[in-house]
Amino acid sequence: GEAYASQKPPRTDAALDQFRTAIEQKPDNLAALRSAIALLVEKGDHAAIDEATVYYKRGLAFYPRDKSLADMGDVLGEPAEAIRTREAIRAKAPDNIENLKRLAMLYSRQGAPQKAIDVLRPNYDKQPDVTTADFLAKMYKETQQPGEAIKMYDPYVNSDDVGKKFIGLIDKGEMLRSLG
């Protein structure tokens, strides 16, 4: 998908047409299904998402254990079903940070920011990173905990690493501005 992201839309549409043709000729063509889904999600309009969802469901019917298709379920599948799947993974692998991040994002999209915090914070405390700090800060803001939101940036603002310090200052500034 990234190879097409930098190209102009007509090229993306041409590529999409090629993938559609490949899928018509061979409905279980996993590479074409994945590529078509990625391009359609990138387009992002309702018609594109609807078409991507059709390909996603078709792909799952042929390849129920395909990891890349399963990951697309976070965007295209039923949110409640995606949460159940991610919670099952969490039960088996509680330290799988990628799964925890996806689960927290799903809870956030469902309007449950406190659940997102509960899922992600324990692992974040063991393995902090700037991106997760920013996500958690936004969740704290949504749960009316501005003090906690601001504190999330402090380890980066006070870092000796100039890059982390810079990102921390920018993110903290944006958060302060959004809080008024």
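The structure reproduced in this document is the subject of the present report.

What counts and how
- Residues numbered from 1 in each chain as written.
- Predicted model: local features only at pLDDT ≥ 70, side-chain atom pairs only at ≥ 80, totals over all residues.
- Heavy atoms only, no water.
- Helix = DSSP H or I, 4+ residues; strand = E, 2+ residues; numbered from the N terminus.
- Buried < 20%, exposed > 50% of the residue type's maximum accessible area, 1.4 Å probe, protein only.
- Axes fitted to C-alpha atoms, helices over the stretch in contact; angles between N-to-C directions.
- Parallel < 35°, antiparallel > 145°, perpendicular 65-115°, else oblique.
- Left-handed = near helix turned anticlockwise from the far one by under 90°.
- Contact = heavy atoms within 4.5 Å.
- Salt bridge = Lys/Arg side-chain N within 4 Å of Asp/Glu carboxyl O.

## Description of the overall build of the protein chain
Counting its regular elements, the protein chain contains twelve helices and zero strands. The order of helices and strands in the protein chain, counted from the N terminus, is α-α-α-α-α-α-α-α-α-α-α-α. Seen along its three principal axes, the alpha-carbon backbone of the protein chain occupies a region of about 55 × 40 × 30 Å. Across the 180 residues in the protein chain, those meeting the buried criterion constitute 35%.

## Quick notes on the packing of helix α6 (residues 79-92) against helix α7 (residues 97-109)
Running from amino to carboxyl end, α6 crosses α7 at an angle of 150 degrees, the nearest separation of the two axes being 10 Å. Accordingly, the angle class assigned to the pair α6 and α7 is roughly antiparallel. Crossing of α6 against α7: the hand is left-handed. Between α6, through Ala82, Ile83, Arg86, Glu87, Ile89 and Arg90, and α7, the contact on the second element is made entirely by Asn99, Leu100, Arg102, Leu103, Leu106 and Tyr107.

## Some remarks on the pattern of salt bridges
Tallying each qualifying case throughout the model produces 19 salt bridges. In this structure, Asp13 and Lys43 form a salt bridge, with 3.1 Å as the shortest nitrogen-oxygen distance. Residue Asp13 is found in helix α2 (residues 9-25), and its partner Lys43 is found in helix α3 (residues 30-43); the two are separated by 30 residues along the sequence. On the accessibility criterion, Lys43 (40% relative accessible area) is partly exposed. Put simply, Asp125 and Arg121 hold a salt bridge, and the shortest N to O gap is 2.8 Å. With a gap of four residues between them, Asp125 and Arg121 both fall in helix α8 (residues 113-126), about one helical turn apart.

## Considerations on the packing of α7 against helix α9 (residues 130-142)
Direction vectors running N to C along α7 and α9 enclose 25 degrees, while the axes themselves pass 12 Å from each other. Here α7 is positioned roughly parallel relative to α9, judged by the angle of their axes. Of the two elements, α7 crosses α9, and the hand of that crossing is left-handed. Contact with α7, carried on its side by Lys101, Ala104, Met105 and Ser108, involves Thr132, Phe135 and Met139 of α9 and no other residues of that element.

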